Amino acid sequence: MTLKAVLFDFNGVIINDERIHEQLLNDILLGENLRLRPGEYQQVCLGRSDRACLKDLLMRQGRVVSDDYLSQLVLKKTQAYQAQLAQLDVLPTFPGLTDFIYQLRVAHISLAIVSGAVRAEIELVLQRAKLADYFSVIVAGDEISSSKPDPDGYLLAVERLNQLNPTLKLKPSECLALEDTFAGIQAAKKAGISVVGVANTYPFHMMQRRANWAVDYLNELELERIQRWFAGEERSVAA
């Protein structure tokens, strides 16, 4: 088996922005005369789409809103996120990201993003970080009805990569996912995709228990070793 594609999560893998999201979601709730409870963001939102997260946060506090109103809240949050990033001179992308992307490009491995973030947020970051040209497929949270840990986003990414390049004949088993949350790891595995857990959000030992293997930092990823793993030469590292 050969590694043909690497599918990146976005928040917590490409950009270190979870604190921004937590604050913005709390601001949204404050506008509804509610507030995040301690630990609630981590429990309800990590790895999931804004829509699914907001819906569950509101329901947990007895608030049921229409789909249209929920869409308004998501849009409000997206606009606030864009305004926050506009105030940053340098985006907080993770160390080792560009080097690993370079290795993948040299090896002619396809790249995609599978995220619960809305497309406008993803595209803004990729453009500012000068990474937009490297990802041929983006599956964003506002484009699908389900959210991680459901596998739909990953399966759609595989489908879109095949549409772009029919000769690729890509299978989920020929992909690698990079994830930092439990929901993301579960989604990739449900899709039949092997996962590296990056310990940007949870400790290494917690990633190691759930992913096929884990790293503390992106710059620890060795493409040659990953390729040997897919070829069956290092399967013993799988969790």
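The notes below deal with the structure included here. Keep in mind that what you see is a predicted model, and the values were worked out from it rather than measured. For every chain, the first residue of the written sequence is number 1, and numbering continues from 1 along that sequence. The model is predicted, so local features are restricted to residues of pLDDT at least 70 and side-chain atom pairs to those at 80 or more, both for listing and for counting; the totals for chains, interfaces and linings are taken over all residues. Hydrogens and water are ignored here; the side-chain numbers use all heavy atoms of the structure.

This brings us to unusual backbone geometry. Looking along the chain, the bond that leaves K148 and enters P149 is cis, with omega of 20°. Its identity is not glycine, yet K169 carries a phi of approximately 50°, on the positive side. The rule is simple: take the accessible area with a 1.4 Å probe, protein chains only, and divide by the maximum for that residue type; under 20% is buried, over 50% is exposed, in between is partly exposed. Overall, the relative accessible area of 63% leaves K169 in the exposed class.

Here we come to the state of the cysteines. Criterion for a disulfide: a pair of cysteine sulfur atoms within 2.5 Å. Counted according to the given criterion, the structure contains 1 disulfide. Paired by a disulfide, C45 and C53 hold their sulfur atoms 1.9 Å apart. Between C45 and C53, the S-S dihedral sits near 50°, and the bridge is therefore right-handed. For the pair formed by C45 and C53, the shared burial category is buried.

Turning our eyes to something else, we now look at a negative patch on the surface. A patch is a set of surface residues, each over 30% in relative accessible area and not in a salt bridge, joined within 9 Å for like charges and within 5 Å for the nonpolar side chains Val, Leu, Ile, Met, Phe, Trp and Tyr. Here the accessible surface of atoms and residues is derived via Shrake-Rupley with a 1.4 Å probe, and residues count as covered only by protein chains that are part of the display. Any Lys or Arg side-chain nitrogen found within 4 Å of a carboxyl oxygen on Asp or Glu counts as a salt bridge. Here the positive residues are Lys and Arg and the negative ones are Asp and Glu; neither His nor the chain ends is included. By convention, the charge on Lys lies at NZ, on Arg at CZ, on Asp at CG and on Glu at CD. On the surface, D216, E220, E222 and E224 cluster together to form a negatively charged patch. Per the convention used, a helix needs a DSSP run of H or I reaching at least four residues, while a strand needs a run of E reaching at least two, with both numbered from the N terminus. With respect to the secondary-structure elements, E220 resides in the loop between β6 (213-215) and α10 (223-230). Judged by its relative accessible area of 35%, E220 is partly exposed.

Attention now goes to the pattern of salt bridges. This model, assessed by the stated rule, comprises 12 salt bridges. The salt bridge partner of K77 is E121, with a shortest N-O separation of 3.7 Å. Here K77 is found in helix α4 (residues 67-86), whereas its partner E121 is found in helix α6 (residues 119-128), with 44 residues between them in sequence. Judged by relative accessible area, K77 falls into the buried class, the value being 0%. Through salt bridges with shared partners, a single network forms among R119, E123, E143 and R160.

Limitation: the analysis is restricted to geometry and does not speak to function.
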